[in-house]
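Coordinate inspection notes
One-letter residues, chain by chain:
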Amino acid sequence: MADNSKNPFKDLGKLIKDAPPNLKSKVMNDVATAKLIMDLASLFTLNVKEALSGMFKTRRKN
């Protein structure tokens with residue numbers, strides 16, 4: 001191995017720069033859209049499962 005190779009662990013303590021505002025807003029919009037899609041998918045899949053199980057479930061009368 002070369003002795004003059006750069007150690008990436010020394011860069012961990014350096015100051016982290018902020019992301020540009022336009023990139024930050026785009027990422028936040030994408031995250032909000034993904035969360036909305038996940039919530040809608042969860043809403044429809046959970047309710048369909050319960051509705052189908054309730055329709056096909058027969059109850060015994062004692």
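Now for a quick tour of the structure. In this text, all values refer to a predicted model and were calculated from it rather than measured experimentally.

**Thoughts on the overall build of the chain**
Assigned secondary structure in the chain consists of one helix and zero strands. Counting only residues that meet the buried cut, the chain has 0% of its 62 residues in that class. Summed over all atoms, the accessible surface of the chain reaches about 6,800 Å², with 63% contributed by carbon and sulfur.

**Concerning the pattern of salt bridges**
All told, the structure shown has four salt bridges when counted by the stated rule. Ionic pairing is found between Asp11 and Lys6, a salt bridge with its closest N-O pair at 3.6 Å. In this structure Asp11 comes out as partly exposed when scored by relative accessible area, which is 29%. For Lys6, a relative accessible area of 66% corresponds to the exposed category. Asp11 is paired through a salt bridge with Lys14; the nearest N and O atoms lie 3.2 Å apart. On the basis of relative accessibility, which here comes to 54%, the residue Lys14 falls in the exposed class. If you follow the salt bridges from partner to partner, you end up with Lys6, Asp11 and Lys14 in one network.

**Notes on a nonpolar patch on the surface**
There is a patch of nonpolar side chains on the surface, built from Leu36, Leu40, Leu43 and Phe44 and spanning about 400 Å² of accessible area. Note on placement: Leu36 falls in helix H1 (residues 21–56).

The rules behind the values
- Residues numbered from 1 in each chain as written.
- Predicted model: local features only at pLDDT ≥ 70, side-chain atom pairs only at ≥ 80, totals over all residues.
- Heavy atoms only, no water.
- Helix = DSSP H or I, 4+ residues; strand = E, 2+ residues; numbered from the N terminus.
- Buried < 20%, exposed > 50% of the residue type's maximum accessible area, 1.4 Å probe, protein only.
- Areas by Shrake-Rupley, 256 points an atom, 1.4 Å probe, with all protein chains shown as cover.
- Salt bridge = Lys/Arg side-chain N within 4 Å of Asp/Glu carboxyl O.
- Patch = residues over 30% accessible without salt bridge, like charges linked within 9 Å, V, L, I, M, F, W, Y side chains within 5 Å.

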